[in-house]
Structure formats: C-alpha cells, structure tokens
Amino acid sequence: QDMNREVVKTDCATARIPELDFEIPAFTQKGVLTTIEGMIDRAVAGLEQDQPLRRATDEEVANKIDEFIGKLKQLKEVHSSFTFIIDDPSGNSFVENPHAPRKDDALVVTHYRRTPQQAAMLGLEELEKPADATEDLRNEVLQFNTNCPECNAPASTNMKLVQIPHFKEVIIMATNCESCGHRTNEVKSGGAIEPQGTRITLQITDPSDMTRDVLKSETCSVEIPELEFELGMGALGGKFTTLEGLLKDIRELVERNPFTLGDSSAPGKAEKLQEFVGKLQEVEGKRRVRFIMDDPAGNSYLQNVYAPEEDPELRVERYERTFEQNEDLGLNDMK
C-alpha cells in the first residue's frame, strides 16, 4: 500500500533511499506527479536505458548496474522496510498521507531554513562573494553626475581606484563634457596624509627620463632650480601622468597666463616668457636639470625605473613638516 502513495517531486528536489545509497540529484529530472513505485520504475528505466552500450564497452560496470537494478526491483516487493526521503529546498514537494487528516506514524515532515547556497540555486538571491569590497572597487569604474566646470552643463565623472606599484592606491577622476568638449582629469590620494613630508629630486640625464610615471598630488610643489622656476602647491591640481606630460602641462600653464600675455603686460615680459618656454622644451630633449617635487603630505611619487633596486639619479628624502606646512594641510586644528 505504501508503494501506492502519491508523490509530487519538483525539479529542484533530491530523492534518496539511504539503505541502497541511492540518490536522484536535484535538476536531473523534470518535476513529476507519480507514486513511490513510479519513482522506482523511472529510476530502473533510466539505468536500463544505456545498459546495452555499457555491456559492449565495460562489462564489469554493466554487471554492477544490473545487480543494483535487481535491488531496486526487490524494493517494490517490500521484502524489508526502507526509507524514502525527498529533500526540496523550495518546499513544493509532497508525499501522500493516506490517513489524512489523522497523523501518519510512518511519515515525517521536517521544515528547515534554506541555506544561502540553496536560495542561490533556486534563483532567490545572488550568492554574496566573499571577495573584499575594495577588490571590487579596484576593478570597477564608478560614475556619478556632475556639472561641467566650464559651461555648467550636466556631465558625468568617472572614478577608479588604481594601485601604483611600489607606492600606494590613488583615485583617478575624469570628467568629459559632451556639450562644450571640456575634459579634465584629476588624481586624489587614496590614503591618509603621511607622518612625514617627501622631497623627491631627479637628475634628468637622458630623454628616456621623460617617460617616468609621475604622481603629483594637489599639495605638491615643483621646482627646477636651473631654470629658476617654481610651481606652488595647488597649481595644476593632482596629476597622474609622465614627466613629459607634467612639463607639457606646466608649459601650457605658463603660455596661457593672462597676466603676462594681455594688453597690459609689461614690455619685454612676453619675450622673457618665450625664452623660458624654449628652455622648458630643451629639458624634454637634451638639457640636464634637476626636477624637484616637494610634497608636505607625502602623497607624491616619481617612478623608480630600477625598482626594487636603488635609482642612482633619484633621491627621496623624508622630513618633518613645519608648523606652517601643518597649518596649510589643516593638521594643527585636527583632533
């Protein structure tokens, strides 16, 4: 009589008979409305289907499966009791209770809370990756809406976290305005202000030095003593570029200065400026100069092409900030 009990088995349910170590895994069969005998018949039919091929290729395995099919068929005779278990994470499977509404002593129904893996298998929720959130940020370009600094039209800013080798993480932000074509990119330090300031000196000896990566934070000043040139902190903002790119930005900054090129500019000033621009262009090719970056926040970087070895042309000094420098960085009032 028990073999005639109705069974509803969904796609995601697992059917087991522990006494035979027999299991029908989830999603291997379509959902069915049948009886316990019907479940065993379906299993027997499935196993017998490929037996002729198995006998031709691997007789030993075929004999073992024949033996197992015999055990399954004996279950239908119920010579001894066995346990039939249906485990359904969706909760939609069912085995008939012929004594309903009275309790059936042979039937036990257990409800349990689904695990996250089971919920993900059912498509109810995505499995949360154990990966670090910052790891996701490194691989993702974040986008947020802003207004263009030139024409104030709505624009979008892209932001990405980048790990600079032998240094630290920085945040690169780029804005592109479709209305006026204005493009800007800026670099923010991804970490805190360092305990000490950094002074980086590079002796430019070869045109290949122009390809070195440079991270100039917004708190960094640039100096070229041989040209009597100094760029204060705050000018140009934060940049992640090459040495050549930074010198090009400096040249454009000097050439576009309205106070030196306007109608009211003093006579001879424009000539001096052109002479300076010419010297700056020589630096990019053959002129030997010292390039000095002084960052009291310690968040600037100049690539060491010999890393991790020492670079003979590059000197990095750490120094204690003065009270005025701490004041500029807003550290004196910080609790």
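Residues numbered from 1 in each chain as written. Predicted model: local features only at pLDDT ≥ 70, side-chain atom pairs only at ≥ 80, totals over all residues. Heavy atoms only, no water.

Asker: Help me out: how do you make sense of the overall build of the protein chain in this one?
Answerer: A count of helices and strands for the protein chain gives nine helices and 18 strands. In terms of overall size, the protein chain is more extended than a compact globule, its C-alpha atoms giving a radius of gyration of 38 Å where 335 residues would be expected to give roughly 20 Å. By its C-alpha atoms, the protein chain is 115 × 50 × 45 Å across when sized along the principal axes. The buried share of the protein chain, reckoned over its 335 residues, is 32%. (Helix = DSSP H or I, 4+ residues; strand = E, 2+ residues; numbered from the N terminus. Rg over C-alpha atoms; globule rule 2.2 N^0.38 Å. Buried < 20%, exposed > 50% of the residue type's maximum accessible area, 1.4 Å probe, protein only.)

Asker: How should I be thinking about helix α3 (residues 59-77) in this particular structure?
Answerer: Each α-helix winds once per 3.6 residues, and so residues spaced three or four apart point in a common direction. The end-to-end C-alpha distance of α3, which contains 19 residues, comes to 28 Å, matching closely the 27 Å that a straight helix rising 1.5 Å per residue would cover. Directly beyond the C-terminal end of α3, a positive phi value near 50° is found at valine 78. (Expected span 1.5 Å × (residues − 1).)

Asker: Quick question: what am I supposed to make of the domain arrangement of the protein chain here?
Answerer: The accessible area lost on association of the parts is a frequent measure of interface size. Taken domain by domain, the protein chain holds domain 1 (2-122), domain 2 (134-189) and domain 3 (196-329). Taken together, the twelve residues of domain 2 in the interface contact eleven residues of domain 3. Across the interface of domain 2 and domain 3, roughly 990 Å² is buried in total on both sides, 63% from carbon and sulfur atoms. Of all residues in domain 2, Ile164, Phe167 and Val187 bury the most surface against domain 3, accounting for 45% of the area lost on that side. Linking domain 2 with domain 3 are zero salt bridges. The interface formed by domain 2 and domain 3 includes zero residue pairs in polar contact (both at pLDDT 80 or more). Elements with a contribution of two residues or more to the side of domain 2 that touches domain 3: β9 (169-176) and β10 (183-189). (Domains from an automatic or database assignment. Contact = heavy atoms within 4.5 Å. Buried area = accessible area lost by both parts, 1.4 Å probe. Salt bridge = Lys/Arg side-chain N within 4 Å of Asp/Glu carboxyl O. Polar contact = N/O pair within 3.5 Å; in protein donor to acceptor, adjacent residues only side chain to side chain.)

Asker: Which parts of the structure should I look at to understand the pattern of salt bridges?
Answerer: Any two side chains of opposite charge can pair, so long as their charged atoms come close to each other. With the rule as written, the count across this model stands at 14 salt bridges. Residue aspartate 66 pairs with arginine 55 through a salt bridge whose shortest N-O separation is 3.0 Å. Residue aspartate 66 is found in helix α3, and its partner arginine 55 is found in helix α2 (residues 51-57); the two are separated by eleven residues along the sequence. A residue is classified by how much of its surface remains accessible, and aspartate 66, at 30% relative accessible area, is partly exposed. Between glutamate 317 and arginine 315 there is a salt bridge; the shortest N-O distance is 3.4 Å. Here arginine 315 falls in the partly exposed class, since its relative accessible area comes to 48%. A single salt-bridge network, built from bridges that share partners, covers Asp2, Arg5 and Asp104.

Asker: Could you clarify how one ought to interpret the sheet that holds strand β3 (residues 22-24) in this entry?
Answerer: What links the strands of a sheet is backbone hydrogen bonding, and the strands pair in either a parallel or an antiparallel sense. Spatial ordering of the open sheet is given by β3-β2-β5, a layout of three strands whose pairing is antiparallel. Where the open sheet ends on each side, the last strands, each with one partner, are β3 and β5 (85-87). The mean inter-strand angle of the sheet, taken between neighbouring strand axes irrespective of direction, is 20°. As defined by bridge partners, strand β2 (residues 14-17) adjoins β3 across three bridges and the pair is classed as antiparallel. Along β3, the bridge assignment pairs isoleucine 17 with phenylalanine 22. (Pairing = 2+ DSSP bridges. Axes fitted to C-alpha atoms, helices over the stretch in contact; angles between N-to-C directions.)

Asker: What's the story with the sheet that holds strand β1 (residues 6-9) in this structure? I'm lost.
Answerer: One open sheet holds the three strands; their spatial order is β4-β1-β6, and the pairing between them is antiparallel. Both outer strands of the open sheet, β4 (32-35) and β6 (94-95), are each paired with one neighbouring strand and no more. Pairing of β1 with β4, which is carried by four bridges, proceeds in the antiparallel orientation. Bridge pairing links lysine 9 to valine 32 in β4. The strands that helix α1 (residues 36-49) touches are β1 and β4; relative to β4, the one it contacts most, it runs at about 110°.

Asker: For this particular structure, what's the right way to read the state of the cysteines?
Answerer: Disulfides are covalent bonds that connect the sulfur atoms of two cysteines. Under the definition given, this model contains zero disulfides. Cysteine 148 takes part in no disulfide bond, and the closest cysteine sulfur, belonging to cysteine 177, lies 3.7 Å away. In this structure cysteine 148 comes out as buried when scored by relative accessible area, which is 2%. (Disulfide = S-S within 2.5 Å.)

Asker: Looking at this structure, I do not really get the layout of surface pockets. What am I missing?
Answerer: A probe matching the size of a water molecule, rolled over the atoms, marks out where space remains unfilled. Of the volumes computed, that of the largest pocket is approximately 980 Å³. Around the largest pocket sit 29 residues that line it, and Phe84, Ile86, Val95, Leu107 and Val108 are the ones nearest its centre. Within the residue set of the lining of the largest pocket, elements represented by two or more residues are β5 and β6. Considering every element that reaches the lining of the largest pocket, the biggest residue donor is β5, with three residues. A breakdown of the residues in the lining of the largest pocket according to their chemical character gives 15 nonpolar, nine polar and five charged. Reported here for the second largest pocket is a volume of approximately 560 Å³. In this structure, the second largest pocket is lined by 16 residues; those nearest its centre are Thr184, Leu236, Lys239, Asp249 and Arg256. (1 Å grid on protein atoms, 1.4 Å probe; cavity = no way out; pocket = protein on both sides within 12 Å on 5 of 7 lines; lining within 4 Å. Points joined across faces, edges and corners; volume = space filled by probe spheres on them. Nonpolar A, V, L, I, M, F, W, Y, C, P; charged D, E, K, R; others polar.)

Asker: Help me out: how do you make sense of the nonpolar core in this one?
Answerer: General note: in soluble globular proteins, nonpolar side chains tend to be found buried as a group. Counting 26 residues, the largest nonpolar core has Ile204, Ile224, Phe229, Leu247, Ile250, Phe291 and Leu302 as its most contacted members. Mapped by element, the contributors of at least two residues to this core are β11 (197-203), β13 (221-224), β14 (229-231), α6 (243-255), α8 (269-283) and β16 (290-295). (Core = buried A, V, L, I, M, F, W, Y, C linked by side-chain atoms within 4.5 Å.)

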